[in-house]
Amino acid sequence: MNWFVDTFRTSLGKKFLMAVTGLGFIGFIIVHMMGNMTLFVGHEAFNAYVEKLHGYEALILVAEIGLLSLAVIHVTTGLLLFLGNRSARNVSYTVKKSGGGRNIGSATMPYTGFVILLFVILHLSNFSFVDTTDRTMYDVITATFSSWIYIIVYVVSVAAVAIHVRHGFWSLFQSLGLNHEKYMPALRMISIALAVIVGVGFGLIPIYIGIIT
Amino acid sequence: MTTKTINLTLKVWRQNRSRPKGGFENYTAKDISTDMSFLEMLDVVNEDLVLSGKEPIAFDHDCREGICGMCGAVVDGEAHGPLKETTLCQLHMRHFKSGDTIVIEPWRARAFPIVKDLVVDRSAFDEIIASGGYISSKTGGAQDANNILVGKEIADKAFNAAACIGCGACVAACPNASAMLFVGAKVSHLGLLPQGRPEAKTRVHNMVRTMDRLGFGNCSNETECEVQCPKSISIREIARMNREFVKASFS
Ligand code: HEM
Ligand code: FES
């Protein structure tokens, strides 16, 4: 078999795929969040940002194809790992107890991941596949978050992303073989900080738009 | 000085080789000296069982001094019981209170089928070792000890990894029944030393694939293995294996 395909069919190879695609997602959500922060400046600033972004058509297309590829790899590999792990522990323990290693993030990766997948589909249908010929993006957002249900769904989904990142960030370095006592404590702290930043940054948007303004 | 004794209720997994399913049986462990080890406590229970004509509880053990890696059971949900850095044979009954109910289960993993009661078949580990966990060297007369120089820091790292006794607690503790701490320890212990370098590439290549083939799960960095490992093997050994694997695959 081709050595390249063979490498990524192993357990470690799959972990590398998760780590690299996960890192790509983290890069994306940081940039995405910074852009969205213009919402807090006001609707002119936000609409100007959207206008500017849509000016770079070619760039956006490349980014979209890239993100879609990352998503296909991350989700299918994650599913394979999840199923493999379930079958590896064919009989579960009667007493389930943590020795103190796992945390809410690590213990829920496949589940928060699944929530994120559903959320991404909803999110794209809310804000990407919409017609903005006779209204601005800001109008679309305020219309969406005028509903309580959307505010709750978005806040819960953002929490899922934060919990996923809380484990995902440091974990990806470990998966890539980057763990040293010199920098791992820092990476673990950044992981928590990033989760809080992502959770608060994105989570405040529906609350601010829907409730405060 | 008189020794303190305690009374316990045990819920022990009983299962026969020929049966696909097992179940819990309740036993009382009476007048157990707190100076006893966990295995000695099981010995006392077994003596009573034998005297009353019942089948004793099967469990693995050998050295009973924490160095061979034979013993092990999941006690109240933790591999080798609640005490950190301790094998089951070195866990003493003073860590339990009179009146406690203790649930004792075997290592649970598809790759470790149950032989009987608490005894599981860990030959999957032997198979992984046979696929690369060794060095091929000519054994002539003993060399001069300083013929091959090894830095102290490297020697210490290799030694830390070599502390793995292959008991399987990592697999038992891992929510995914992954064997990566074990394999990482072996890959590190041999790969860090100059004698292990010539075969480093084929070693990691073969050991990882053998591990996958035997039906162990995939590491998701839960770190339960390192906290429940009786020898405190660090997940940095897994990271080193990951690096070795990248090096071996892309060269
Ligand atoms: C689209 C839905 C998603 C699903 C279904 C999903 C699923 C998963 C699963 C199951 C894992 C654990 C794999 C394992 O360790 O065995 C994982 C890891 C990870 N995910 Fe996601 N995920 C999704 C979205 C995201 C997003 C949006 C991000 C970025 C913010 C992300 C970042 C990560 C990272 C960094 C890891 C850790 C990789 C590693 O441990 O090496 N994921 N994901
Ligand atoms: S019996 Fe040898 S380590 Fe416990």
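Small disclaimer: the values here were computed from a predicted structure and weren't measured. (Residues numbered from 1 in each chain as written. Chains lettered and ligands numbered in written order. Predicted model: local features only at pLDDT ≥ 70, side-chain atom pairs only at ≥ 80, totals over all residues. Heavy atoms only, no water.)

Undergrad: In this structure, what is going on with the pairing of strand β5 (residues 101–105) of chain B? I would like to understand it.
TA: In summary, the side chains of a regular strand alternate between the two faces of the sheet. Residues and elements named next belong to chain B. Most of β5 sits inside the fold, with four of its five residues counted as buried. Summarising the sheet, strand β1 (residues 5–14) and β5 pair through four bridges and their orientation is parallel. In the sheet register, L10 faces β5, and the bridge partner there is I102. When strand β3 (residues 74–75) meets β5, the two strands line up antiparallel, connected through two bridges. Bridged to V74 within β5 is E105. (Buried < 20%, exposed > 50% of the residue type's maximum accessible area, 1.4 Å probe, protein only. Helix = DSSP H or I, 4+ residues; strand = E, 2+ residues; numbered from the N terminus. Pairing = 2+ DSSP bridges.)

Undergrad: I'm lost on the site of ligand 1 in this one. Help?
TA: All names here are of chain A. The environment of ligand 1 is made up of 24 residues, and the closest members are K15, H74, H164, S171 and S175. For ligand 1, a nitrogen atom lies 2.7 Å from a polar atom in the side chain of H74. Contact distances for ligand 1 include 2.3 Å between an oxygen atom and a side-chain N or O atom of S171. The set of elements that each furnish at least two residues to the shell around ligand 1 consists of α2 (11–36), α4 (57–88), α6 (109–127) and α8 (148–175). Counting residues per element, the shell around ligand 1 draws most heavily on α2, which supplies seven residues. (Near = heavy atom within 4 Å. Polar contact = N/O pair within 3.5 Å; in protein donor to acceptor, adjacent residues only side chain to side chain.)

Undergrad: Where do I start with the packing of aromatic side chains in this structure?
TA: Where two aromatic rings form a pair, the distance of their centres and the angle of their planes describe that pair. Going through the model one piece at a time under the given rule, you end up with 22 aromatic pairs over all chains. Ring geometry for A:W3 and B:F250: centres 5.4 Å apart, planes at 90°, overall edge-to-face. One end of the pair, A:W3, is in helix α1 (residues 3–9); the other, B:F250, is in the segment after α8 (236–249), on a second chain. Assessed through its relative accessible area of 42%, B:F250 is described here as partly exposed. Aromatic pair B:W13 and B:F24: ring centres 5.1 Å apart, planes at 85°, arrangement edge-to-face. With a gap of 11 residues between them, B:W13 in strand β1 and B:F24 in strand β2 (residues 23–33) connect regions that are remote in the sequence. Taking relative accessible area as the criterion, B:W13 reaches 10% and is therefore assigned buried. Connected via pairs of aromatic rings, a cluster forms that spans A:F119, A:F127, A:F145, A:Y150 and A:Y154. (Phe/Tyr/Trp six-rings, centres within 6.5 Å; stacked < 30°, edge-to-face > 60°.)

Undergrad: It is not clear to me how the pattern of salt bridges should be interpreted in this structure. Could you clarify?
TA: Side chains carrying opposite charge are able to pair once their charged atoms draw close together. Across all of its chains, the model carries 15 salt bridges over all chains by this definition. Its salt-bridge partner being B:K116, residue B:E55 comes within 2.5 Å of it at the nearest N-O pair. Here B:K116 lies in strand β6 (residues 114–116) and B:E55 lies in the loop between α1 (38–51) and β3, a separation of 61 residues in the sequence. A salt bridge links B:R240 to B:E237, with the shortest nitrogen-to-oxygen separation between them at 2.6 Å. Taken as a pair, B:R240 and B:E237 lie in helix α8 at a separation of three residues, close to a single helical turn. The exposure classification of B:R240 matches that of B:E237, with both residues buried. Three or more residues are tied together by salt bridges with common partners; here these are A:K97, B:E78 and B:K84. (Salt bridge = Lys/Arg side-chain N within 4 Å of Asp/Glu carboxyl O.)

All we've got here are geometric facts, nothing functional implied.
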